[in-house]
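Topology and contacts: notes
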Amino acid sequence: MRLLFVVLFSLITTAQTKNDAIYIYGTLIEKDYYSDSNSTSVRQAKDIQKSLSTDMSEAFKIIPNLNTANGSSRSSFFQIRGIGERSAYEAISNYSVGVMVDEVDYTGISGITNLNGLSQIEVFRGPQATDFGPSAMAGMIHLKSQDPTIISKTKTYLSYESFNTFEEALSYTGMLSTNTGMSISFNKRDSDGFMKNEYLNRTDTNGQDELALRASLRQDFYDSTLTLGLHYFDKNNGYDAFTQDNSYTTRSDKPGKDKSETFSQYLKFEKEFNANLMSTTIFTHIKNDSFYSYDEDWGNNPYWNSLPGYNADYDYNIKFPRSREDFSLDQRFNISNQSTFGIYIKSSDEDFKEVGYEDGNERKNIQGDIRTELASVYAQRIHDLNNKLSLEYGLRGEFRKVDYKENNSGSNSNIHTEDLMYGFNISISKKDLLGELAYLKIAKGYKPGGINTQSAVPQNRKEFKPESLYSLEVGQKAKLDDSRISLSTALFFMYREDAQVKTSFQDDPMDPSSFTFYTDNATSGINYGAELEASYKQELGFNALWSIGLLNTRYRNYNIGTRNLNGRQMPHAPNYQINLNLEYKFKSGAYIGGNLFASDDFYFSNSHDLKSRPYQLVDAKIGYRNESLDISIWSKNVFDENYSLRGFYFANMPPTWQDELYTQREAPRSFGITGRYIF
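Residues numbered from 1 in each chain as written. Predicted model: local features only at pLDDT ≥ 70, side-chain atom pairs only at ≥ 80, totals over all residues. Heavy atoms only, no water.

**Some details on the overall build of the protein chain**
Secondary structure summary: the protein chain contains three helices and 42 strands in total. Expressed as lengths along the three principal axes of its C-alpha atoms, the size of the protein chain is roughly 75 × 60 × 55 Å. The proportion of buried residues among the 679 residues of the protein chain is 60%. Expressed as a percentage of contacts within the protein chain between residues at least 6 apart in sequence, the contacts between residues at least 24 apart total 66%. By element, 55% of the accessible surface of the protein chain is carried by carbon and sulfur atoms, the whole surface being about 27200 Å². Positive and negative side-chain charges of the protein chain, numbering 72 and 87 respectively, have mean locations separated by a distance of 5 Å. (Helix = DSSP H or I, 4+ residues; strand = E, 2+ residues; numbered from the N terminus. Buried < 20%, exposed > 50% of the residue type's maximum accessible area, 1.4 Å probe, protein only. Contact = heavy atoms within 4.5 Å. Areas by Shrake-Rupley, 256 points an atom, 1.4 Å probe, with all protein chains shown as cover. Lys, Arg positive; Asp, Glu negative; His and termini not counted. Charge placed at Lys NZ, Arg CZ, Asp CG, Glu CD.)

If you want it as structure tokens, here you go:
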């Protein structure tokens, strides 16, 4: 097998600035970007705006080796370096890529990734077990809200886009008193969506109705700081996205819903005992209620009865209501900003239902409860060998237990699982080598095992084991020409031990609801490639952001029934992703810019060998900007590229009932106007 050695140039978008430094906030201790021995992308709010991204589901265009899987109104499943979930239809889900907003872990919860009101995005690639635990086996996405500012700032945002799309945002940061600061942001988005339902004669069945509120209050004392954070996210979207001809016109008579209401709080108390000892206590609570449904046959009875050779009704739909509540406590101590150790405790309780209907009559009713408890201890140490050479090492050990109870149309089942896992990181770095920093890192991440709960899963595949991910990474970070040029590169090789592989099969080709989803273990897998980010920034004239992600993946020694996946690439793992963002600003304040994104094709699933198409997206913008005002007109997907981020291969078309590829199409060309004002 050929080893891929590549240098990848990606744009390091500026992060939140303190004394002109770039800082990372998602780790156990706040770090200067150029002292962090990890392949991490940081994107500040103004850089997100240049890319015309309004939700994390669009951020794959600006982050190398980050991909996403659709299958709902908003993508909420992410893959980093070819590893990550693509769906969560089954009751118990383990995640390889986590999502955090401020101090709250939202992994597995949708509707929380709107980008307005954020100060920056941080994407950590590779195993992050010491910092984050099991949900970061492949990486972690951290969204950081605005901090209170000494000088009060109010930001307003108003945007109109094709498909009757309106988005409004308002945020405020400032000081309420000498020692009390506040930050609050509000965002509302309404859209009809780009699908048309010809049967119902409606253009809003795949529409969006989203609300996001973030607020924080910070109180500074003599030797401590107390921060209270509140989040509220309300998503009330339609879901009507699949058709038999993979077009933008649907025929469903019972279009689905994708709803999620989330309320969370966090309390962070930082106490300085002396110049060398700091204590940080973080308590979080999150409550989420969601409802997901869709028309399984994607049609209507008059349409089915009009088909040649088929004169019968064909009517299926399904609903997935869920409720989840999490509590967590993280207590850590930091000694001289060199050593960190702590404990983490989390409890999660989730109620779920799956209710299926045929011809309006209930045909299945599954309901249950998942109770998860975990406790972990962790420690991390940075040891300066001399004034340039540093050794960093960390370890996390975790115990996790799950109690699963299910009632399937009167049949009860109870399952109990326990896992004891560990992860670590060891890195050596040298300052002023190949720029600001060069490093070599070895890390191990982990993901718990579990039970396949569906009855059709063969008995010898009911249980699957935990997965371990071993990673070797070498990289460098540099800034040149008085920090106007930024450059970072990373080469990585990862080995997956007992790789968890999700797959599915259709039990009855004439029943679109008869799917069995299960997770299995492959013997192993390998992922290797490179990331490179580069930027050139100045106040006037030409600015550029550039990123490239290169990736190769392979399963080893794995079979699904008669299918042999040995040597096959993993799903949603394109071999390349390229992003180039350009802008030219004139002295008058006028500017013109554009964004180019290109992606290779990728396999949609493990259960079949069909792929997406390679695609290229071009966005363009022209506008005027000064210290307070930014107004622009723009177009996304200028050349109206046809592309998909989710595909299924199964039978859903009478009378032949042949397996076919069905894809969820992404947004066509759109136009918009946006205004921002700061006062």
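That covers the picture; the talk isn't over yet.
**Considerations on the packing of aromatic side chains**
All told, the structure shown has 33 aromatic pairs when counted by the stated rule. By way of ring pairs, the aromatic residues Tyr303, Trp304, Tyr310, Tyr314, Tyr316 and Trp657 are connected into one cluster. For Lys611, the ring lying beneath its charged end belongs to Tyr603, and the centroid distance is 4.7 Å. (Phe/Tyr/Trp six-rings, centres within 6.5 Å; stacked < 30°, edge-to-face > 60°. Lys NZ or Arg CZ within 6 Å of the ring centre and 35° of its normal.)

**Quick look at the pattern of salt bridges**
If you walk through the whole model with that rule in mind, you get 42 salt bridges. Members of the salt-bridge network, linked through shared partners, are Arg43, Arg81, Arg125, Glu473, Glu531 and Glu533. (Salt bridge = Lys/Arg side-chain N within 4 Å of Asp/Glu carboxyl O.)

**Some details on empty space enclosed by the protein**
Empty space among the atoms becomes apparent when a probe as large as a water molecule is rolled across them. Under the defined criterion, the tally for this structure stands at 13 cavities of 30 Å³ or more. The volume enclosed by the largest cavity comes to roughly 600 Å³. What lines the largest cavity is a set of 32 residues, among which Glu58, Arg74, Phe194, Glu666 and Ala667 lie closest to the centre. Across the lining of the largest cavity, the residue classes break down as eight nonpolar, 15 polar and nine charged. Size it by volume and the second largest cavity reaches roughly 240 Å³. Secondary structure elements with two or more residues in the lining of the second largest cavity: β6 (77-80), β7 (97-101), β13 (180-191), β15 (208-220) and β16 (224-239). (1 Å grid on protein atoms, 1.4 Å probe; cavity = no way out; pocket = protein on both sides within 12 Å on 5 of 7 lines; lining within 4 Å. Points joined across faces, edges and corners; volume = space filled by probe spheres on them. Nonpolar A, V, L, I, M, F, W, Y, C, P; charged D, E, K, R; others polar.)

**Regarding the sheet that holds strand β8 (residues 104-105)**
Read from one edge of the open sheet, five strands run β4-β9-β10-β7-β8, paired in mixed fashion. The sheet terminates laterally at β4 (40-44) and β8, the two strands that pair on one side only. Here five bridges tie β4 to strand β9 (residues 118-125), and the two strands are oriented antiparallel to one another. Bridge pairing in β9 links Gln44 to Gln120. (Pairing = 2+ DSSP bridges.)

**Focus: the pairing of strand β36 (residues 576-585)**
Burial of β36 is one-sided: the residues Gln577, Asn579, Asn581, Glu583 and Lys585 facing one way are buried, the residues Tyr576, Ile578, Leu580, Leu582 and Tyr584 facing the other way are not. By the bridge criterion, nine bridges tie β36 to strand β37 (residues 590-599) in an arrangement that is antiparallel. Paired with Glu583 across the two strands is Gly593, which belongs to β37.

**With respect to the environment of Gly525**
Tracing the backbone through its elements, the reader meets Gly525 in strand β32 (residues 524-536). Exposure remark for Gly525: the relative accessible area of 0% places this residue in the buried category. In sequence terms Gly525 and Tyr558 are 33 residues apart; their C-alpha atoms lie 9.3 Å from each other. Residues within four places of Gly525 in sequence aside, it is in contact with Met494, Tyr495, Arg496, Arg554, Tyr555, Arg556 and Met570.

**Regarding the side chain of Ser670**
Tracing the sequence through the fold places Ser670 in strand β42 (residues 670-678). Only 2.8 Å separates the side chain of Ser670 from the side chain of Glu161, close enough to count as a polar contact. Other than its neighbours up to four places away in sequence, Ser670 contacts Glu161, Ser162, Phe163, Trp634, Ser635 and Lys636. (Polar contact = N/O pair within 3.5 Å; in protein donor to acceptor, adjacent residues only side chain to side chain.)

**Brief notes about the environment of Glu660**
Counting through the fold element by element, Glu660 comes out in strand β41 (residues 659-665). Measuring from C-alpha to C-alpha, the distance between Glu660 and Thr519 comes to 23 Å, with 141 residues separating the pair along the chain. With near-sequence residues (within four places) excluded, Glu660 lies in contact with Phe648, Tyr649, Phe650 and Met653.

**With respect to the side chain of Arg81**
Examined against the element boundaries, Arg81 turns out to sit in the loop between β6 and β7. In this structure the side chain of Arg81 is engaged in a polar contact, spanning 3.1 Å, whose partner is the side chain of Glu473. Among the polar contacts made by the side chain of Arg81, one reaches the side chain of Glu531 at a distance of 2.8 Å. In contact with Arg81, other than residues within four places in its own chain, are Ser39, Asn65, Arg125, Gly126, Ser471, Glu473, Phe492, Met494, Asn527, Glu531, Leu551 and Thr553.

**Brief notes about the environment of Asp619**
Mapped onto the elements, Asp619 comes out in strand β38 (residues 615-625). Owing to a relative accessible area of 4%, Asp619 belongs among the buried residues under this scheme. Sequence separation between Asp619 and Phe639 is 20 residues; the distance between their C-alpha atoms is 8.8 Å. Discounting residues that sit within four places of it in the chain, Asp619 has contacts with Ser51, Leu52, Lys61, Gly593, Gly594, Asn595, Ser635, Lys636, Asn637 and Val638. A distance of 2.9 Å separates a polar side-chain atom of Asp619 from the backbone nitrogen of Asn637.

**Brief notes about unusual backbone geometry**
Omega for the peptide link from Pro654 to Pro655 comes to 0°, which places this bond in the cis form. Tracing the chain through its elements places Pro655 in the loop between β40 (644-651) and β41. At Trp298, a residue that is not glycine, the phi angle is positive and equals roughly 60°. Of note, Trp298 is situated in the loop between β19 (277-295) and α3 (301-305). Of note in this structure, Asp432 is not a glycine but carries a positive phi near 60°. If you trace the backbone, Asp432 turns up in the loop between β24 (411-431) and β25 (437-447).

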